[in-house]
Amino acid sequence: MNNIIYIIHKSEIISKGISCILQERYNCSVKNYHNAEELIKNEQKTIHKQAIILIEEIISSQETFQIFIRNNPTLSMLKIIASERDANDTGNYDSISIMNTESEFLRIVNDLFVFDRKESGSSEGLTKRETEVLKLVASGFSNKEIADKLFISTHTVISHRKNITEKLDIKSISGLTVYAMINNIVNPASLSGLDLI
Amino acid sequence: MTIFTKNSRIDDIVDENYNLLPVINRLGIKLGNKDLKIDKVCSIQGIDTNFALLIINTFNNEQYFPEPALRSFSPIMIINYLKRTHTYYLDYLIPHIDFLLSNLIKSSKSNKKQLELVEKFYKKYKQELLLHINEEEEKVFPYVLALTNNTRTDKYSIHAFEKEHTNVEEKLNDLKRLLIRYIQPIYDEYICNEFLSALYRFEKDISNHARIEDKILIPQIIKIERGVNE
């Protein structure tokens, strides 16, 4: 696995703890930041398309960060929730609590590595490319915009969309958006996704 | 598949396919007519038997759609039937589906997030559907009536309206698909079954409804428009 994971959290202890768990389990690089502005400033141009961001919940609702996520819809995001709240139980895949166990945490993070799964490890036999296209469709981008972002032709985008519809048997954009949210292909918490439905 | 005739009894029709009950209602046929044959029932209640049989048979049998016969009826008759169908949707079926969905969500004791997404999707679909029905009632039908009375006032043309139906049906299909395949089943199964059944019924009904509008009403109107323009 060659994912890059960013952790944005004010607490160094929490950041380093999470970083340690992740690097034990996955072959990945981890970068820690104290706040969103630093990350955006440093990584704006260079952030890997499929990077994963673990972010302290409070920071994730800041507008600068929201805008950043909206402009980079291929990024995956997971919120880190403070200790007072209950540990997250199954079904809610957009956040983890620091009260979760290590294995619960890993299970949730594992789902974020959808881009790295080969063959039919991705949902419903969608290929990696199809999943990328689906993510952009569900984020509201036009065929032309998707083509530009992925460096492919519009014709190819349309072809991918036909395959996606055929595999999933979902035709409308809103339907695809719901599917993408359920499967964490698009972050349910991101504003753009909710507007589309 | 049976093709019902003048000699069919209401019983025969409903026994064969009880989903024809709303269709019978919309034609204006009341129950409680003992075991009389349909032509007798229609003549007592002042309904055109041939029209009623055509509508019942086309609904019951997808392969059966005699366009010339259907187009021979006045657009006014067709519109009256379509209007009654709208009433059925607006006054009964859509509120019923709303109710079942709300129960479904309530029945989920744990994580409701996925169902709430489904609800959002359904609400958007419903909004589009209501808009579409409203446009038919406020613009299309009055236009058709004006045309048949030769009292056409504005420059509306039926072409603008034609392509609407596919979008609406697509979303209904997606809704079913999401529930059957992709949503976590953490809700009451019986309520879900009811909700899905209602969706299936609605899908069948609205697809039939769209077929009549697209293949019968619109061609009739185009023909009249051409006649008027000459």
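For clarity, every value in this text was computed on a predicted model and none was experimentally measured. (Residues numbered from 1 in each chain as written. Chains lettered and ligands numbered in written order. Predicted model: local features only at pLDDT ≥ 70, side-chain atom pairs only at ≥ 80, totals over all residues. Heavy atoms only, no water.)

Visitor: Even after reading the chapter, I still don't get the overall build of chain B, so can you show me in this structure?
Guide: A tally of regular secondary structure across chain B gives nine helices and zero strands. Going from N to C terminus, chain B has its helices and strands arranged as α-α-α-α-α-α-α-α-α. Long-range contacts, defined here as pairs at least 24 residues apart, represent 76% of the contacts in chain B between residues at least 6 apart. With an accessible surface of roughly 11,900 Å², chain B has 51% of that area assigned to carbon and sulfur atoms. (Helix = DSSP H or I, 4+ residues; strand = E, 2+ residues; numbered from the N terminus. Contact = heavy atoms within 4.5 Å. Areas by Shrake-Rupley, 256 points an atom, 1.4 Å probe, with all protein chains shown as cover.)

Visitor: Whenever I open this one, the pattern of salt bridges confuses me. Can you help?
Guide: One side chain can pair with another of opposite charge once the charged atoms of both are near each other. The final tally for this structure, using the stated rule, is 13 salt bridges over all chains. For Glu56(A), the salt bridge goes to Lys10(A), with nearest N and O atoms at 3.5 Å. Of this pair, Glu56(A) sits in strand β3 (residues 52–56) while Lys10(A) sits in the loop between β1 (4–8) and α1 (12–25), and the two are 46 residues apart along the sequence. Overall, Lys10(A) belongs to the exposed group, its relative accessible area being 54%. Lys126(B) is the salt-bridge partner of Asp98(B), the closest N and O atoms lying 2.7 Å from each other. With Asp98(B) in helix α6 (residues 75–106) and Lys126(B) in helix α7 (residues 113–148), this residue pair connects regions lying 28 residues apart in the sequence. Given a relative accessible area of 22%, Lys126(B) falls into the partly exposed group. What emerges from the salt-bridge pattern is a single network uniting Asp169(A), Lys171(A) and Arg177(B). (Salt bridge = Lys/Arg side-chain N within 4 Å of Asp/Glu carboxyl O. Buried < 20%, exposed > 50% of the residue type's maximum accessible area, 1.4 Å probe, protein only.)

Visitor: Honestly, the sheet that holds strand β2 (residues 29–33) of chain A in this entry has me stumped. Any pointers?
Guide: Backbone-to-backbone hydrogen bonds pair the strands of a sheet. The strands run either parallel or antiparallel. Residues and elements named next belong to chain A. Read across the open sheet, the five strands follow the order β2-β1-β3-β4-β5; overall the sheet is parallel. Edge positions in the sheet fall to β2 and β5 (95–97), since each has one partner strand and no second. Within this sheet the neighbouring strands show an average axis-to-axis angle of 20°, counted without direction. Inspection of the sheet shows β3 paired to strand β4 (residues 76–81) by five bridges, in the parallel sense. Note that in β4 the partner of isoleucine 53 across the bridge is methionine 77. Across the sheet, helix α4 (residues 63–71) lies against β1, β3 and β4, angled at about 165° from β3, the strand it touches most. (Pairing = 2+ DSSP bridges. Axes fitted to C-alpha atoms, helices over the stretch in contact; angles between N-to-C directions.)

Visitor: Just checking my understanding: could you explain the interface of chain A and chain B for this structure?
Guide: The extent of an interface is frequently quoted as the accessible surface area lost upon association of the parts. With 20 residues of chain A at the contact, the number on the chain B side is 17 residues. Between Asp169(A) and Arg177(B) there is a salt bridge, and its shortest N-O distance comes to 2.9 Å. One can count six residue pairs in polar contact (both at pLDDT 80 or more) joining chain A with chain B. Looking at the side of chain A that touches chain B, the elements with two or more residues in it are α8 (154–168), α9 (173–182) and α10 (191–196) of chain A. The element contributing the most residues to the side of chain A that touches chain B is α9(A), with six residues. The residue makeup of the side of chain A that touches chain B, split by class, is nine nonpolar, six polar and five charged. (Polar contact = N/O pair within 3.5 Å; in protein donor to acceptor, adjacent residues only side chain to side chain. Nonpolar A, V, L, I, M, F, W, Y, C, P; charged D, E, K, R; others polar.)

Visitor: Hey, could you run me through α8(A) in this one?
Guide: Helical periodicity: at 3.6 residues per turn, an α-helix aligns residues three or four positions apart in one direction. Residue and element names in this part refer to chain A. Between its first and last C-alpha atoms α8 spans 21 Å; for 15 residues at 1.5 Å apiece the expected length is 21 Å, and the two agree. For α8, the full list of buried residues reads Val157, His160, Ile164 and Leu168. All buried residues of α8 lie within an arc of 60° about the axis, which places them on one face of the element. In this structure, α8 carries His155, Lys162 and Glu166 as exposed residues pointing more than 90 degrees from its buried face. (Expected span 1.5 Å × (residues − 1). Arc of directions from axis to C-beta.)

Visitor: Teacher, can you tell me more about the pairing of β4(A) here?
Guide: Each regular strand shows side chains that alternate between the opposite faces of the sheet. Most of β4(A) is tucked away: six of the six residues are buried. Residues Ser76(A), Leu78(A) and Ile80(A) line one face of β4(A) and the alternating positions Met77(A), Lys79(A) and Ile81(A) line the opposite face, and both faces are buried.

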